[in-house]
Amino acid sequence: TDIDDELEIPEWSDAPLPGTGELITSGVVVMGKCTAFDEELEVGDSLLVSVVDKYRNTTTDESRVVNMVLGKSSLNLAQPFTCDVSTPSRFMFVK
């Protein structure tokens, strides 16, 4: 077997870092308020957010991989969070 075919597990060098500003999400689209996505994040980084499910009355910490950084206040994720983040929320990230 070729080693390249094996699943790569990312090794993070740092603990989660606090992100600048707040964000909301709609599917895989993330929109920021006073954010600096283009300075703080790059493709492959993980975004960590507390996701509130208003119907089940639960809050879950979730992470998703950044797929595209479109600017200081816009990025795309590889997969959506389980629920859209509809209230501007603080976030963290892992390089």
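These figures come from a predicted structure and were not determined experimentally.

### With respect to the layout of surface pockets
Inference 1: Approximately 180 Å³ is the volume found for the largest pocket.
Inference 2: The wall of the largest pocket is formed by Ser-50, Val-52, Asp-53, Lys-54, Tyr-55, Cys-83, Asp-84, Val-85, Ser-86, Thr-87 and Ser-89.
Inference 3: Its residues assigned to classes, the lining of the largest pocket comprises 4 nonpolar, 4 polar and 3 charged.

### Details of the sheet that holds strand β7 (residues 92-94)
Strand pairing in a sheet relies on backbone hydrogen bonds, with the paired strands running either antiparallel or parallel.
Inference 1: As summarised here, the arrangement of the 7 strands in space is β1-β7-β4-β5-β6-β3-β2, forming an open sheet in which the pairing is antiparallel. Among the strands making up the open sheet, the edge pair consists of β1 (17-18) and β2 (22-26).
Inference 2: Here β2 runs beside strand β3 (residues 29-33); their pairing, made up of 5 bridges, is antiparallel. In the sheet register, Thr-25 faces β3, and the bridge partner there is Val-30.

### Thoughts on the side chain of Thr-25
Inference 1: When you line up the elements, Thr-25 lands in strand β2.
Inference 2: Within the structure, Thr-25 has its side chain in polar contact with the backbone nitrogen of Val-85 (distance 2.8 Å).
Inference 3: Every residue in contact with Thr-25, bar those within four places of it in the chain, is listed here: Val-30, Met-31, Phe-81, Cys-83, Asp-84 and Val-85.

### As for the pairing of β3
Inference 1: Between β2 and the antiparallel strand that follows it, β3, lie 2 residues; Gly-27 among them carries a positive phi value of about 65 degrees.
Inference 2: With 3 bridges joining them, β3 and strand β6 (residues 74-77) adopt antiparallel strand pairing. If you follow Val-29 over to β6, its bridge partner there is Asn-76.

### Side note on unusual backbone geometry
Inference 1: In the Ramachandran plot, Cys-34 falls in the positive-phi region, its phi being about 60 degrees despite a non-glycine side chain.
Inference 2: Among the secondary structure elements, Cys-34 is positioned in the loop between β3 and α1 (37-40).
Inference 3: On the basis of relative accessible area, Cys-34 is assigned to the exposed category, the value being 67%.
Inference 4: The backbone of Asn-57 sits at a positive phi, close to 60 degrees, despite the residue not being glycine.
Inference 5: Locating Asn-57 in the fold gives a position in the loop between β4 (46-53) and β5 (58-71).

### Examining the pattern of salt bridges
Inference 1: Counting across every chain of the model gives 4 salt bridges.
Inference 2: Across the pair Lys-95 and Asp-45 runs a salt bridge whose closest N-O atoms are separated by 2.8 Å. Residue Lys-95 is found in the segment after β7, and its partner Asp-45 is found in the loop between α1 and β4; the two are separated by 50 residues along the sequence.
Inference 3: Taking relative accessible area as the criterion, Lys-95 reaches 34% and is therefore assigned partly exposed.
Inference 4: Owing to a relative accessible area of 3%, Asp-45 belongs among the buried residues under this scheme.
Inference 5: With a shortest N-O distance of 2.8 Å, Arg-56 and Asp-53 are connected by a salt bridge.
Inference 6: By relative accessible area, which is 7% here, Asp-53 ends up buried.
Inference 7: Connected through shared salt-bridge partners, Glu-42, Asp-45 and Lys-95 make up one network.

Criteria and thresholds
- Residues numbered from 1 in each chain as written.
- Predicted model: local features only at pLDDT ≥ 70, side-chain atom pairs only at ≥ 80, totals over all residues.
- Heavy atoms only, no water.
- 1 Å grid on protein atoms, 1.4 Å probe; cavity = no way out; pocket = protein on both sides within 12 Å on 5 of 7 lines; lining within 4 Å.
- Points joined across faces, edges and corners; volume = space filled by probe spheres on them.
- Nonpolar A, V, L, I, M, F, W, Y, C, P; charged D, E, K, R; others polar.
- Pairing = 2+ DSSP bridges.
- Helix = DSSP H or I, 4+ residues; strand = E, 2+ residues; numbered from the N terminus.
- Polar contact = N/O pair within 3.5 Å; in protein donor to acceptor, adjacent residues only side chain to side chain.
- Contact = heavy atoms within 4.5 Å.
- Buried < 20%, exposed > 50% of the residue type's maximum accessible area, 1.4 Å probe, protein only.
- Salt bridge = Lys/Arg side-chain N within 4 Å of Asp/Glu carboxyl O.

Purely geometric numbers; function is a separate question.
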